[in-house]
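Structural features, examined
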Amino acid sequence: MDNHEKLELRRFAAQIRLALLEEIKARGFGHIGGSLSICDLLAVLYGKVMRYKPDDPKWADRDKLVSSKGHAGPAVYATLALKGFFPMEELKTLNRPGTNLPSHCDKNKTPGIDCTTGSLGQGTSQAVGMALGDKLKGRDSRTFLIVGDGELDEGQCWEAAMFTAGKKITNLTWIVDDNKRQLDGYTVDILPLFDLRAKFEAFGFEAIRVKGNDVEALYDALTKKPGDKPIAIIMDNVKGSGVKGIEETPANHSMTLPAETWDTYIEAVKADLAAIEKEVG
Amino acid sequence: MKTIYNGEADSRTFKEMLGTMIPKMLDDDPNLIYLDADLMSCIGTAKYAKAHPDRAINCGIAEGNMAGIAAGLSAAGFNPICHTFGPFASRRCYDQVFLSGGYAHNSMTMIGTDPGVCAAMNGGTHMPFEDVALYRAIPGAIIVDPADTVQFEKVFPKLVAMEGIKYLRVNRKANDRIYDADADFEIGKGVVLREGADITLITAGFMVGRTLKAAAELAEKGIEATVIDMFTLKPLDEALVIEYAKKTGAVVTVENHNAVGGLYSAVADCLAANCPVPMGRVAVEESFGAVGPADYLAEFFGLTVAHILAEAEKTIARK
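An account of the accompanying structure is given in this report. Treat the numbers as computed from the prediction; the structure is a model and nothing was measured. (Residues numbered from 1 in each chain as written. Chains lettered and ligands numbered in written order. Predicted model: local features only at pLDDT ≥ 70, side-chain atom pairs only at ≥ 80, totals over all residues. Heavy atoms only, no water.)

**A look at the overall build of chain A**
- What chain A contains, in helices and strands, is 11 helices and 9 strands.
- For 281 residues, the compact-globule estimate of 2.2 N^0.38 gives 19 Å, and the C-alpha radius of gyration of chain A, at 18 Å, lies within 12% of that figure.
- Considering chain A as a whole, with its 281 residues, one finds that 56% of them fall into the buried category.
- Taking the intrachain contacts of chain A between residues at least 6 apart in sequence as the baseline, contacts between residues at least 24 apart amount to 74%.
- Carbon and sulfur atoms provide 51% of the accessible area of chain A, an area that totals close to 10,800 Å².
- Mean positive and mean negative side-chain charge positions of chain A (37 and 41 charges, respectively) differ by 4 Å. (Helix = DSSP H or I, 4+ residues; strand = E, 2+ residues; numbered from the N terminus. Rg over C-alpha atoms; globule rule 2.2 N^0.38 Å. Buried < 20%, exposed > 50% of the residue type's maximum accessible area, 1.4 Å probe, protein only. Contact = heavy atoms within 4.5 Å. Areas by Shrake-Rupley, 256 points an atom, 1.4 Å probe, with all protein chains shown as cover. Lys, Arg positive; Asp, Glu negative; His and termini not counted. Charge placed at Lys NZ, Arg CZ, Asp CG, Glu CD.)

**A few points about empty space enclosed by the protein**
All names here are of chain B.
- Evaluation of the coordinates by the stated rule reveals 4 cavities of 30 Å³ or more.
- Put simply, the largest cavity is a space of about 60 Å³.
- Looking at the largest cavity, it is lined by 13 residues, and the ones nearest its centre are Pro115, Asp145, Asn175, Gly205 and Phe206.
- Of the residues assigned to the lining of the largest cavity, the class counts are 7 nonpolar, 4 polar and 2 charged.
- Looking at the lining of the largest cavity, you find at least three residues from each of domain 1 (14-170) and domain 2 (191-316). (1 Å grid on protein atoms, 1.4 Å probe; cavity = no way out; pocket = protein on both sides within 12 Å on 5 of 7 lines; lining within 4 Å. Points joined across faces, edges and corners; volume = space filled by probe spheres on them. Nonpolar A, V, L, I, M, F, W, Y, C, P; charged D, E, K, R; others polar. Domains from an automatic or database assignment.)

**Details of the packing of helix α3 (residues 39-49) of chain A against helix α4 (residues 73-82) of chain A**
All names here are of chain A.
- Viewed as axis vectors pointing N to C, α3 and α4 meet at an angle of 35°, and their least axial separation amounts to 10 Å. Pair α3 / α4 crosses with right-handed handedness. Residues Cys39, Leu42 and Tyr46 of α3 pack against Ala75, Val76, Thr79 and Leu80 of α4.
- Of the residues belonging to the contact of α3 with α4, the class tally is 6 nonpolar, 1 polar and no charged. (Axes fitted to C-alpha atoms, helices over the stretch in contact; angles between N-to-C directions. Left-handed = near helix turned anticlockwise from the far one by under 90°.)

**Observations regarding the sheet that holds strand β11 (residues 251-258) of chain B**
Residues and elements named next belong to chain B.
- Ordered by their spatial adjacency, 5 strands build an open sheet running β7-β9-β8-β11-β12, and the pairing between neighbours is mixed. In this open sheet, the two strands that pair with only one neighbour each are β7 (191-194) and β12 (279-284). Ignoring which end each strand starts from, the neighbouring axes of this sheet average 25° apart.
- Where helix α12 (residues 305-316) meets the sheet, its contacts fall on β8 (199-203), β11 and β12, and the angle it forms with β12 comes to roughly 160°. (Pairing = 2+ DSSP bridges.)

**Describing the side chain of Asp148 of chain B**
Residue and element names in this part refer to chain B.
- By secondary structure assignment, the location of Asp148 is in the loop between β5 (142-144) and α7 (149-161).
- Here Asp148 sits buried without a salt bridge, and the closest side chain of opposite charge, Arg12, lies 6.7 Å off (N-O distance).
- Setting aside chain neighbours within four positions, we find Asp148 in contact with Asp10, Phe14, Asp176, Arg177, Ile178 and Tyr179. (Salt bridge = Lys/Arg side-chain N within 4 Å of Asp/Glu carboxyl O.)

**Re the interface of chain B and chain A**
- Each side of the interface is counted separately: chain B has 26 residues, and chain A has 22 residues.
- Summing the contributions of chain B and of chain A, the shared interface buries around 1,900 Å²; its carbon and sulfur component is 58%.
- Sorting the residues of chain B by area buried against chain A places Asn65, Ile69 and Ala76 of chain B first, and these three jointly supply 25% of that buried surface.
- If you list the elements that add at least two residues to the side of chain B that touches chain A, you get β2 (56-58), α3 (63-75) and α5 (94-103) of chain B.
- The element best represented in the side of chain B that touches chain A is α3 of chain B, accounting for 8 residues.
- Partitioned by chemical class, the residues of the side of chain B that touches chain A number 13 nonpolar, 11 polar and 2 charged. (Buried area = accessible area lost by both parts, 1.4 Å probe.)

**Some thoughts on the sheet that holds β5 of chain B**
Residues and elements named next belong to chain B.
- Strand order in the open sheet formed by 7 strands is β2-β1-β3-β4-β6-β5-β10, with mixed pairing between adjacent strands. Single-partner strands in this sheet number two, and they are β2 and β10 (232-234). In this sheet, adjacent strand axes meet at a mean angle of 20° when their direction is disregarded.
- Looking at chain direction, strand β1 (residues 32-36) and β2 are connected through 3 bridges and run parallel. Considered in β2, the bridge of Asp36 is made with Asn58.
- Seen against the sheet, α7 touches β1, β3 (79-85), β4 (108-113), β5 and β6 (165-170) and runs at an angle of roughly 160° to β6.

Limitation: the analysis is restricted to geometry and does not speak to function.
The structure is reproduced here in structure tokens:
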């Protein structure tokens, strides 16, 4: 990947963060920490990796995204709006009565959302079924599954992981958002996950560890052709990543803040975006 | 409806039916896919699965994962059938069926074998007395509890062809033989097996034969009972329930299930709102399962012909 391509992905990631913050600011509260930590990933997926048609979101041959951490919906919505699945103004309806953008992903409400998630763990098995279905239908689509590190407390994830590797569902890529925190605090304090890479390897995956904000490493991992084993990407990450003030807030799973505070974060991301724009030239 | 009930057991078992019909339906419909949680051998589908691993998938002993995969396959354009024993097809994977299935508008047919006392020698851990209650609480779910293999043969393909969450609770062994081979059924429509003016007995599945027997014994005492096979437990055939409550003025439900949330609850909900009449019930009362032959357990949990007779007479006395 040349520097220009890298900058473009970083720019897209900053645009997603900006749209996300504006979206959550409009409601005053929301699942900001775990949404921010997947923005770089979403930029790479929707910017350079996935095959999709914003004007035909149910196109059967598309690649699919399952954010099993359904509470990261706001980040996915921001990405989809930026890609033209629905108007940007709609982001301001997040969690409003009658909205198409509920706090957790709903495939029957939001154009471009491929799977209904929110009850943690459940997206994993659904992603397996979707990928298996594509394979059996002869479609060359890929399914990308984002799982939270805290979410891996749910036993269902490991049932689905065992099935993915055991049945060689290699058109499904697992991506663990290893952002070290869950709702009540640090994963290491609540229920230690030990070595996630070793765990996925032991479950029969080819496990790759990358920095969650390294767009080039993410791209390389996401486009790596799987051999006999499905690929699991462990994203070494920071909850709230890309917005220093939120990264440094320990309890950032869901935050309720006054408009002025959101504005401070929005200004910081705007400054990041301007710096990237300048570099792009 | 022509019935041939004479107290004899069905000449075919439900296991035979499942083991022949599922492979045939898979062969006939490329969109159909069958998942099991390591109990294929228990319904005679293992051989087919070995030959067709892409159409019949053993998910291992992971029922929640199986239900979630079924939901994903539905989203990908397949029509999944899942099977495991009743408690695992209801309690164990309930949230996955509810959310990944129902809430997400995905379709699946979940087969829970050996309902209630039919779990017999597998005992209390394998004995679902609450599976109907759970599936009734899923919005839009359809629940079928077939009485015999004629009914099963006619209803099963229709159920599989429907959209949404469908739960089939079915014995693996033979129940009593009830229907003539020509009988046909509409999902959502109860079947009047016998007409009588004094009381209506509403039942399903394993209890249909016992209820017919009880009706015959009541007739010997001069009490004429209507017997309805309510093989579709949800949606309930409310019109039929109301019609016969009005005609007979008393209703007793008879079910191989807990009194909470099953057939009794469904009928009581309907009659309380539309046509309150004295009601009684023959059902499992506030109990967990136990081990033993089904007939012993039917006695143990109060599901025998004698219990039906006593409850019918008690309820008629309240008219």
